[in-house]
Amino acid sequence: MAKTFYITTPIYYPSGKLHIGNTYTTVLCDALKRYKELREFDAYYLTGMDEHGKKIETVANERGIAPIEHVNEMAEETRALWDRLQIKYDDFIRTTEKRHKTVVQKIFEKLLDQGDIYLGTYKGYYCMPCESFYTETQLEDNHTCPDCGRETSQLEEESYFFKLSKYQKRLLQFIEQNPDFITPETRKNEVIAFIQQGLNDLSVSRTTFDWGIKVVSNPKHVVYVWIDALSNYISALGYSTENSQKYERYWQGDEVIHVVGKDILRFHAIYWPIMLMALDVPITFKLHAHGFYMMKDGKMSKSKGQVIYPDIILKRYGLDELRYFLLRELPYGGDGVFTPEAFIERINFDLANDFGNLLNRTVSMINKYFDGTISTKDLSPTPFDENLTEMMAETVKEYKKSMNNLKLAQALQDVWRLISRSNKYIDETTPWVLAKDPEKKSQLENVLYHLAESLRHIGILLKPILIEATPSLFNQLNIRDEFTSWQSLEFGKKKSYSVIKKPIPLFPRLDVEEEVEAIRELILGKEDHQTPEIIIPEISIEDFVKLDLRIGKVIASEKHPDADKLLVSKIDIGQNQVRQIVSGIAKHYDPESLVGKSVVVVTNLKPVKLRGVLSEGMILAGSNKQTLEVLFTKKLNPGDAVK
Ligand code: ME8
């Protein structure tokens, strides 16, 4: 019987539209589910919505509608988004569903009955956006939240408490005995350090609002939203109900993985296993906490309204482009930055140039030299052939290791090594030279056969990730399903190829400048910014002094011949040097008005061509949504240093 694999995303708050960050986790789980299916596991994928809590009640109130109306709308919107992104989830749990509520109520009563939950008084501080409670000592200055930095409110109320402290030792032991329970390692260490500081009992009910699951034995209390939310991972499987086959099959099955962001590590690595221990439910899951896609002012957040939405990328570029970028760009264990430049470069270099061209060239050559059909030639392999076939086997091994360890960016790098190797193989074997000599016909066919087999390998390994390009690759090479299975990953398995007449490009190449600008306008909603809204790391004074900032005097300026937004200026930067600088200020300044003015210039920027015109520096300007102002100076002379 097939091994089971159960994978979950966090259930997201319907406090705002889902963004690239939530999409990342959801796509990551989708790719892992597809990978396990490729490996013939019985894979089950759960996602959903975390619909209770003060925050959701407040958002609904602000909209002037009932919370249930708000969450119904959001759940529908979210499912539709996942459908557009072709997420292969098997179940979508909503915490307002009866099947979930009854399980949460049972869990709460059981813990209450056995004394793990008790009634007390809660005194402390609450951060609504984080749905978290803090003691005074945990707060930052001005009583702000230690996690998000926003204001907290003081609370004193009757509350139920969960005896986390009672399980502290057992949890530490469990983590020690199961070294791969939490990955990456750094996250595990954070958790251990946190537990070692000592766990306080956790307030697990509220009486100040009622948008939540009522405590059956004391209905003026609603269950704390995290106890409610975490239970979804088993309530969705029918835990403690008559209909518990899925719980037995998947929770108690071979592999269970909760994928979460680093922001909710503690809830999943501490509260959840302790809840399970108290319930006497086996802790079968492994926890993977990934890093964050960042924005300029820190993390992307629905409540701060500082976000990139997936639909815009999906519409303009396509699903595989979005999936590839998200999975490739976030390093294992670290954070990533979503910048328009990086996005377009990944499409152009990785997808269009390296991968797309390999297919294109191979299909074209099979048509050109063999009228579309080739088959294996049992020639004794050349060192190039050997090297390529070894690389195929090696790539499968490495890829498998990376995927099994949830290192998707690494797995993609593994596949791209084979893609590069295959492109290099074309340069080494020079098919166009072989084609000139009729006696080398079988050698030529052998080369193309190796390329087709390599592309078949690449296609299979990319199936979980590029869900539109890989079927196209298989069609273009006319590869039937039996040769797209994991089992068929072996050089020589498919003996012959009949390819389509004209290759269809997998990924069109994009105009970098045009698209970077388009993304800025579309996604970031910022037209005039020279730099994208990204996180700016702290630098040292040594970094700063690397900038050569000087006063320059504009001696001529004119419109760029090909771009409405750009001006091309000649600037005297002292010491008899004149620089040509292209700047995005044409909407705000007439070229003539700049002549004679003194500006601040970055003089040691690497020269670039902007829309075909050389730019040898940068003029500094400040900007906001409404306007842009070049920084002019009055008394200084060309060449004077700016420090
Ligand atoms: O925390 N980069 O829901 P949530 C990468 N309801 N991933 C990101 C991200 C970013 N910038 N921003 C968000 C909740 N995420 C709770 C979960 S589970 C029992 C309850 C992803 O809507 C990441 O997976 O705030 C993060 O953990 C999750 O969205 C938070 O989603």
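Residues numbered from 1 in each chain as written. Predicted model: local features only at pLDDT ≥ 70, side-chain atom pairs only at ≥ 80, totals over all residues. Heavy atoms only, no water.

Quick question: what am I supposed to make of the overall build of the protein chain here?
Each helix and strand in the protein chain was counted, giving 21 helices and 27 strands. Referenced to the eigenvectors of the C-alpha coordinate spread, the extents of the protein chain come out at roughly 85 × 80 × 45 Å. Burial analysis of the protein chain (643 residues in total) assigns 55% to the buried set. Sequence-distant contacts in the protein chain: of pairs separated by 6 or more residues, those separated by 24 or more amount to 74%. As displayed, the protein chain has an accessible area near 28,900 Å², and 48% of this comes from carbon and sulfur atoms. (Helix = DSSP H or I, 4+ residues; strand = E, 2+ residues; numbered from the N terminus. Buried < 20%, exposed > 50% of the residue type's maximum accessible area, 1.4 Å probe, protein only. Contact = heavy atoms within 4.5 Å. Areas by Shrake-Rupley, 256 points an atom, 1.4 Å probe, with all protein chains shown as cover.)

Could you clarify how one ought to interpret the sheet that holds strand β3 (residues 91-94) in this entry?
Hydrogen bonding along the main chain pairs the strands of a sheet, whether they run parallel or antiparallel. Strand order across the open sheet formed by six strands is β3-β2-β1-β11-β12-β7, with parallel pairing between neighbours. Every interior strand has two partners, whereas the edge strands, β3 and β7 (182-183), have only one. Two strands pair when backbone bridges link them, and strand β1 (residues 4-8) and strand β2 (residues 42-49) are joined in this way by five bridges, in the parallel orientation. Paired with T4 across the bridge in β2 is D42. Those strands touched by helix α3 (residues 67-84) are β2 and β3, and its axis lies near 160° from that of β3. (Pairing = 2+ DSSP bridges. Axes fitted to C-alpha atoms, helices over the stretch in contact; angles between N-to-C directions.)

What should I look at first to understand helix α6 (residues 185-196) in this one?
At 3.6 residues per turn, the α-helix brings residues three or four places apart onto the same side. Here α6 spans 16 Å end to end across twelve residues, near enough to the 16 Å set by a 1.5 Å rise per residue. Within α6 the residues assigned to the buried category are R187, K188, V191, I192 and I195. Considered in projection along α6, the buried side chains sweep an arc of 140° and stay on one side of the axis. As for α6, its buried residues are in contact with α5 (164-177), β7, α10 (265-279) and β12 (285-290). (Expected span 1.5 Å × (residues − 1). Arc of directions from axis to C-beta.)

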